[in-house]
Amino acid sequence: MKLTTQMSAAVEDIWAEYYTHPFVKGIENGTLDQKKFRYYIKQDYLYLIEYTKVFGIGIAKAKSTEVTKLFASYIQLLTDGEMDIHRGYMGRFGVTEAELADTPRALDNLSYTSYMLRVAYEEGEAEVLAAILSCAYSYEMIARNIVKNNPNSVNHEFYGDWIKGYASDEYSKENSVLFEMLEKLTAHYTDEQKQHIVDIYVACSRYELAFWNLSWNMSK
């Protein structure tokens, strides 16, 4: 069994909770209170700042030019692509740089990003990818599930841009590159080492669920 298949099987129950989460369902049917989404984009922007640092540490851990270029390219994608989506919504809400600077990370957000950074600092290239992929791939799957359940959701005047960004073929291709590299880097791994990769992926998936909860509850 491919390692990435093992990873998907290990988080199936957790990810099923994403698809039925009230925050996600609210995006799907367009009924999510925009105050909750405003809170979410601020927290997610703060998350992405730390998430980008994980890729940066991955560059330092890279053992080949190929991996160095991969991590570097994703930093560029995040800052020029995914974070632009959030800047767009911040513009609609009138969120300023000063407001962001004064916004503390929610406790679950801080715990999640601290865990990813610890993995990045203490472990290797493949483990960095495992920590990154739970967020990256789950957003693709959530957005595609939303479109499957409600094809017209991409046309929603407010949430449509968020859905289209993560459900796009371009975003999916980016994730495929990460999975392919993970399989390549772990080809020589023992069963025990592969299980550790799965454990990191599961931990980050649990943190992703906690992030949806904090966004719904607007927790501190």
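Note: the structure precedes this text.
The following paragraphs examine the structure supplied in this document. Residue indices begin from 1 for each chain and proceed along its sequence in written order. Totals for whole chains, interfaces and linings use every residue, but because this is a predicted model, local features are given only for residues with pLDDT of at least 70 and side-chain atom pairs only at 80 or more, for both listing and counting. For the side-chain quantities, the full set of heavy atoms in the structure was used; hydrogens and water were omitted.

1. Some words on helix α2 (residues 12-19)
Test applied: Using a 1.4 Å probe on the protein chains alone, a residue whose accessible area is under 20% of its type maximum counts as buried, one over 50% counts as exposed, and one in between counts as partly exposed. Secondary structure elements follow DSSP: runs of H or I no shorter than four residues count as helices, runs of E no shorter than two count as strands, and numbering proceeds from the N terminus. Along the arc lie the directions from the helix axis toward the C-beta atoms. By definition, residues are in contact when any of their heavy atoms lie within 4.5 Å.
Considered for burial, the residues of α2 that qualify are Ile14, Trp15 and Tyr18. Along the axis of α2, the buried positions cluster into a sector of 90°, meaning they face one direction only. In α2, the exposed positions angled more than 90 degrees off the buried face are occupied by Glu12 and Asp13. On the buried face of α2, the contacting elements are α3 (22-29), α8 (125-149) and α11 (191-217).

2. Re helix α10 (residues 169-185)
To be explicit about the condition: Between the first and last residue of a helix there are one fewer steps than residues, each counted as 1.5 Å, and that sum is the expected span.
End to end, α10 covers 25 Å across 17 residues, agreeing with the expected 24 Å (1.5 Å per residue, within 8%). For α10, the complete set of buried residues consists of Tyr171, Ser172, Glu174, Asn175, Leu178, Phe179, Met181, Leu182 and Leu185.

3. What to know about the nonpolar core
Our working rule: Remark: nonpolar core denotes a set of buried residues (Ala, Val, Leu, Ile, Met, Phe, Trp, Tyr, Cys) joined through side-chain atoms within 4.5 Å.
Core analysis: the largest hydrophobic core is formed by 75 residues, its most contacted members being Ile27, Phe37, Tyr40, Tyr51, Trp162 and Trp212. Counting residues per element, this core draws most heavily on α8, at 13 residues. Setting aside its immediate chain neighbours within four residues, Ile27 contacts Leu32, Phe37, Ile146, Tyr159, Trp162 and Ile163.

4. Examining the pattern of salt bridges
Note the threshold: The working definition used for a salt bridge is a side-chain nitrogen of Lys or Arg within 4 Å of a carboxyl oxygen of Asp or Glu.
Across all of its chains, the model carries 11 salt bridges by this definition. As a salt-bridge pair, Lys53 and Glu50 come within 3.0 Å of each other at their nearest N and O atoms. Of the two residues, Lys53 and Glu50 both sit in helix α4 (residues 34-61), 3 residues apart, roughly one turn of that helix. In this structure, Glu50 and Arg105 form a salt bridge, with 2.9 Å as the shortest nitrogen-oxygen distance.

5. Here we look at the packing of α2 against α11
Each pair of packed helices can be described by the angle between their axes along with the distance between the axes. Rule in force here: Fitting a line to C-alpha atoms yields each axis, with helices limited to the stretch in contact; the angle taken between N-to-C directions then spans 0 to 180 degrees. An angle below 35 degrees is read as roughly parallel, one above 145 as roughly antiparallel, one from 65 to 115 as roughly perpendicular, and any other as oblique. By the definition used in this description, the sense in which the near helix is turned from the far one sets the handedness, with an anticlockwise turn below a right angle giving left-handed and a clockwise turn giving right-handed. All amino acids are sorted into three groups, where Ala, Val, Leu, Ile, Met, Phe, Trp, Tyr, Cys and Pro are nonpolar, Asp, Glu, Lys and Arg are charged, and the leftover types, Gly among them, are polar.
Taken N-terminus to C-terminus, the directions of α2 and α11 make an angle of 20°; their axes are 10 Å apart at the nearest point. In this view, α2 runs roughly parallel relative to α11, as classed from their interaxial angle. α11 is crossed by α2, and the crossing has left-handed handedness. Two secondary-structure elements touch here, α2 through Ile14, Trp15, Glu17 and Tyr18 and α11 through Tyr201, Val202, Ser205, Arg206, Glu208, Leu209 and Trp212. Looking at the contact of α2 with α11 residue by residue, the classes come out as 7 nonpolar, 1 polar and 3 charged.

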